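# Overview (structure and organization)
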Amino acid sequence: MVLSASTIESIRANDGNPYADFLGQVKFVVVGLPLGLAASRVPVEWYRRLAWPALLGALAMQLLIFTPLARGQGGNVNWIYIPGVGQTVQPSEFLKLALALWLGLVLARKGRLLADWRHVLVPAGIGCLLALGLVLAGHDMGTVLVMLALAGGAFFVAGLPMRWFGVAGVAGAGAAAFFVAISPSRVTRIMSFLGAGDADPTGVGFQTRHGLWGLGTGGVSGVGLGASREKWSYLPEAQNDFIFAVLGEELGLLGTLVVLGLFAVLAVGMFRIVRRHKDPFAQIATAAIACWILAQALINIGVVIGLLPVIGVPLPLVSAGGSAMISTLMAVGVVLAFARSEPGAARALASRRGVVRRSLAVVGGRRRG
């Protein structure tokens, strides 16, 4: 889908090369898959030891947005440039994974102490506020919303009393209203979403309108892979935030349902680990990662279908974007590592290997016969 959605813009921006953006994304997948595989083989105890260093390192990376290495796009200053490599990195994507592991560690140790507000605030609450504040300082409110969902999932599975979620919800709504009010671009997007903004079809609602047109054009079965009309420079960020619109146009309702089904399978697998695992650290960290990936997917799709105002977050594992792809693949690898230590998993794997060995032995015997 990245290849299909990026071809036209890639031709325009790269001297006629239709594969430049696609090959760039392939590079990130080639890096992310081995890292995800390696993460799936790391013992759970090592993740406990890595939680604090990972969070401190990720926060240090996020602080680089206040240095000359910072780079901005679309009003957000949430990228850093790596000299010598010629590559930009979005540190907030790796901060999500570090925060999930760290919350798993500190909240698992708290247990029933979370009924006391002091144990909620120290250190988990302060750590979350620090991470959210640094990302918000780069004006990336979309990532902040995803991180709020991540933290909410971790606190919920850790056993935080429900009254605290009510308090946090009210405070969060007030904070969101404040940060929207002080940003003219956010106010414009909200007003457009509510139908009270500029009626100019080429104005702020241009992207949402063309995303809906793409989905509507696709119908049930789509116009065919590669045949999107919206990707011909009508739909901004077609390979990034609005790739779901191109997917719906080319593969239709059936294609979008397949994507939703895959996210549903991922959700079932992750919440199965939360329910069955005996280690609170693995449960809380998995819940945080699950809420991160699923909330981000729901926000992205909600924006494309017009249920939410435009919020710049990619569709996990689908949209173009190097930092997002690598960090998400690593997060899935971490969840797989937790799954390996789930009760009964070792026995099931050993049994499966035994079946494979016996099958190979039977096949080898038949060949010799």
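Everything in this summary refers to the structure shown in the same document. Keep in mind the model is a prediction, meaning the values are calculated, not measured.

About the thresholds
The numbering scheme is per chain: residues are counted from 1 as the chain's sequence reads. Only residues with pLDDT of 70 or above have their local features reported here, since the model is predicted, and side-chain atom pairs are shown and tallied only from 80 upward, although totals for entire chains, interfaces and linings are computed over all residues. To get the side-chain values, all heavy atoms of the structure are used, and hydrogens and water are removed first. Note on conventions: DSSP H or I runs of at least 4 residues are helices, E runs of at least 2 residues are strands, and numbering of each starts at the N terminus. Only C-alpha atoms enter the radius of gyration; for comparison, a globular chain is expected to reach 2.2 Å times N to the power 0.38, where N is the number of residues. What makes two residues a contact is simply this: any of their non-hydrogen atoms within 4.5 Å. Space inside and on the surface of the protein is sampled on a 1 Å grid over the protein atoms alone, with a cavity defined as a set of points where a 1.4 Å probe fits but cannot get out and a pocket as an open set with protein on both sides within 12 Å along at least 5 of 7 lines; lining residues have an atom within 4 Å of a point. Grid points are joined across faces, edges and corners, and a volume is the space filled by probe spheres set on the points. Here the nonpolar group is Ala, Val, Leu, Ile, Met, Phe, Trp, Tyr, Cys and Pro; Asp, Glu, Lys and Arg are the charged ones; every other residue, Gly included, is treated as polar. Here, any two strands with at least 2 DSSP bridges between them count as paired. Lines are fitted to the C-alpha atoms to define the axes, a helix being fitted only along its stretch in contact, and any angle between axes, read from their N-to-C directions, falls within 0 to 180 degrees. The crossing is said to be left-handed when, going from far helix to near helix, the turn is anticlockwise and less than a right angle, and right-handed when the turn is clockwise. Within 6.5 Å between ring centres, the rings of Phe, Tyr and Trp (the latter by its six-membered ring) count as paired, and their orientation is classed by plane angle as stacked under 30 degrees, edge-to-face over 60, tilted in between. Partly exposed residues are those whose accessible area sits between 20% and 50% of the maximum for their type, while under 20% is buried and over 50% is exposed, using a 1.4 Å probe and protein chains only. Expected helix span is computed as 1.5 Å times (number of residues minus one). Under the rule applied, a polar contact is a pair of N or O atoms within 3.5 Å (in protein, one hydrogen donor and one hydrogen acceptor; residues adjacent in sequence only if both atoms are side-chain atoms).

Along the backbone of the protein there are 13 helices and three strands. Taken against the 2.2 N^0.38 rule, which gives 21 Å for 369 residues, the C-alpha radius of gyration of the protein at 22 Å falls within 12% of a compact globule. Taken over the C-alpha atoms alone, the protein extends approximately 70 × 65 × 45 Å along its principal axes. Within the protein, contacts between residues at least 6 apart in sequence are counted, and of these 68% link residues at least 24 apart.

Evaluated as defined, the whole model comprises one cavity of 30 Å³ or more. For the largest cavity, the calculated volume is near 40 Å³. A per-element tally of the lining of the largest cavity places helix α12 (residues 322–340) first, with three residues. Here the lining of the largest cavity is built from residues that sort into six nonpolar, three polar and no charged.

Right, let's talk about the layout of surface pockets for a bit. Considered as a void within the structure, the second largest pocket measures approximately 910 Å³ in volume. Together, 28 residues line the second largest pocket, and Leu129, Leu132, Leu148, Ala168 and Ala171 are the ones closest to its centre. For the lining of the second largest pocket, the secondary structure elements donating two or more residues are α5 (117–137), α6 (141–158) and α7 (162–181). When residues in the lining of the second largest pocket are grouped by element, the largest group, 11 residues, is from α7. For the lining of the second largest pocket, the residue count by class is 23 nonpolar, five polar and no charged.

Attention now goes to the pairing of strand β2 (residues 76–82). Pairing between strand β1 (residues 70–73) and β2: three bridges, direction antiparallel. Bridging from a neighbouring strand, arginine 71 pairs with tryptophan 79 of β2. As consecutive antiparallel partners, β1 and β2 are separated by two residues, and within that stretch glycine 74 has a phi angle of approximately 60°, a positive value. Two strands pair when backbone bridges link them, and β2 and strand β3 (residues 87–89) are joined in this way by three bridges, in the antiparallel orientation. Bridge assignment links tyrosine 81 to a residue of β3, and that residue is threonine 88.

The next subject is the packing of helix α3 (residues 44–63) against helix α4 (residues 91–110). Two numbers describe how α3 lies on α4: the axes approach to 8 Å, and their chain directions differ by 145°. Two packed elements cross with a definite hand, and for α3 against α4 that hand is left-handed. Contacts between α3 and α4 pair Tyr47, Arg48, Ala51, Trp52, Ala54, Leu55, Ala58, Leu59, Met61 and Gln62 from the former with Pro91, Ser92, Phe94, Leu95, Ala98, Leu99, Leu101, Trp102, Leu105 and Val106 from the latter. Its residues assigned to classes, the contact of α3 with α4 comprises 17 nonpolar, two polar and one charged.

Moving on: the sheet that holds β2. Ordered by their spatial adjacency, three strands build an open sheet running β1-β2-β3, and the pairing between neighbours is antiparallel. Each of the sheet's edge strands pairs with one partner strand only, and the pair in question is β1 and β3. Neighbour-to-neighbour, the strand axes of the sheet open up by a mean angle of 45°, direction not taken into account.

Looking now at the packing of aromatic side chains. Under the criterion given, the structure shown has five aromatic pairs. Taking 5.4 Å as the distance between ring centres and 85° as the angle between the ring planes, the aromatic pair formed by tryptophan 52 and tryptophan 102 counts as edge-to-face. Here the residue tryptophan 52 occupies a position in helix α3, and tryptophan 102 occupies one in helix α4, the gap between them amounting to 50 residues. Residue class for tryptophan 52 comes out partly exposed when judged on its relative accessible area of 37%. Tryptophan 102 sits in the buried class, given a relative accessible area of 1%. Counting every residue linked through ring pairs, the aromatic cluster contains Tyr47, Phe281 and Phe338.

Along its 19 residues, α12 runs 27 Å from first to last C-alpha, staying within 8% of the 27 Å computed at 1.5 Å per residue. Taken across its 19 residues, α12 has 14 buried, putting it largely inside the fold.

Quick look at the side chain of serine 10 now. Assignment of secondary structure puts serine 10 in helix α1 (residues 2–13). By relative accessible area, serine 10 is classed as buried at 0%. Among the polar contacts listed, one links the side chain of serine 10 to the backbone nitrogen of aspartate 21, at a separation of 3.5 Å. Sequence-distant contacts of serine 10, defined by excluding residues within four places in its chain, comprise Asn17, Pro18, Tyr19, Ala20 and Asp21.

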